[in-house]
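# Breakdown of the fold
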Amino acid sequence: MADKKDKGSSGSGAVITMFVILGAIAVWSLISPEFLMNSLQAERAFAVQMGGIDSDRWIYTQSISAGTDLLKDSTSAIKDTQALPSMVKNWSQERIIVSWLWYSLIIYRAYTLLLYFFILLPYVIPITMDGCGVREIRMHRISSQSPMKHRFGVILSNTTLICAAIWIVLPFPIPSVVAPLAIMAVGMAGWIWLVNLQKRI
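Residues numbered from 1 in each chain as written. Predicted model: local features only at pLDDT ≥ 70, side-chain atom pairs only at ≥ 80, totals over all residues. Heavy atoms only, no water.

### Overview of a nonpolar patch on the surface
A contiguous nonpolar surface patch, about 580 Å² in accessible area, is contributed by Val15, Met18, Phe19, Ile21, Leu22 and Ile25. Locating Leu22 in the fold gives a position in helix H1 (residues 2-30). (Patch = residues over 30% accessible without salt bridge, like charges linked within 9 Å, V, L, I, M, F, W, Y side chains within 5 Å. Areas by Shrake-Rupley, 256 points an atom, 1.4 Å probe, with all protein chains shown as cover. Salt bridge = Lys/Arg side-chain N within 4 Å of Asp/Glu carboxyl O. Helix = DSSP H or I, 4+ residues; strand = E, 2+ residues; numbered from the N terminus.)

### Some words on the environment of Gln62
By the secondary structure assignment, Gln62 is in helix H3 (residues 53-66). Between the C-alpha atoms of Gln62 and Leu197, which are 135 residues apart in sequence, the distance is 38 Å.

### Observations concerning helix H8 (residues 178-195)
Compared with the 26 Å implied by 1.5 Å per residue over 18 residues, the 26 Å span of H8 between its first and last C-alpha is a close match. Listing the buried residues of H8 in full gives Ala179, Pro180, Ala182, Ile183, Ala185, Gly187, Ala189, Ile192, Leu194 and Val195. Residues of H8 that are buried in the fold lie against helix H2 (33-51), helix H5 (86-119), helix H6 (121-139) and helix H7 (147-169). (Expected span 1.5 Å × (residues − 1). Buried < 20%, exposed > 50% of the residue type's maximum accessible area, 1.4 Å probe, protein only. Contact = heavy atoms within 4.5 Å.)

### Notes on the packing of aromatic side chains
Summed over all chains, the structure comprises three aromatic pairs. With a centroid separation of 5.9 Å and an interplanar angle of 80°, the aromatic rings of Trp58 and Tyr111 are classed as edge-to-face. Of this pair, Trp58 sits in helix H3 while Tyr111 sits in helix H5; the two residues are 53 residues apart in sequence, bridging distant segments of the chain. Classification of Trp58 as partly exposed rests on a relative accessible area of 31%. The exposure class of Tyr111 is partly exposed, given its relative accessible area of 22%. (Phe/Tyr/Trp six-rings, centres within 6.5 Å; stacked < 30°, edge-to-face > 60°.)

### A short note on the nonpolar core
Membership of the largest hydrophobic core is limited to eleven residues, which are Ile31, Leu36, Leu40, Ala47, Ile59, Val98, Leu101, Trp102, Leu105, Tyr108 and Leu115. Elements with a minimum of two residues in this core: H2 and H5. Among the elements that take part in this core, H5 stands out by supplying six residues, more than any other. When residues no more than four places from it in sequence are discounted, the contact partners of Leu40 are Ser104, Leu105 and Tyr108. In terms of nonpolar packing, the next biggest core, distinct from the first, is built from eight residues, Tyr116, Trp167, Ile168 and Ala179 among them. (Core = buried A, V, L, I, M, F, W, Y, C linked by side-chain atoms within 4.5 Å.)

Here you go:
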């Protein structure tokens, strides 16, 4: 019975993955460079609202540095399309620009997440140490740990990571508040997981 459930879940996971990939290809082939440029500009505006101009300057500088090689490859690829028929050439050049802009948006959000991770370290480290301390105290008490709360910590952590990954790759503008909220949620999930960890593992 368990084998059938495992096969069913793996099969449904493969179907979902296939639809996600097909959806991403469809969006990539239809989305315009102007839309992605507007999304990137909106993300920078969100970053300025959240952390000021200095935060945007750091994130943007790092993302530009990370995308330098792709920019060079994109420029070379655009030159290689000159011999193609006009309609195909225009579409190919647009897709190359879309690829670079989408990559730039992903990198920008990734560095936004990294920046807020460093900013929120004074929250993440103490809450993790507190979770370890509470668990150590409970180890010496005659009490049972809550497997449901432990499971909730795992679900919260996994859900947050999945949502953060989705936020990073979506091509339309989303407020940057997602980054600090995700880090805080993972910190809280880690605390719940540690506090309710089994006494014997």
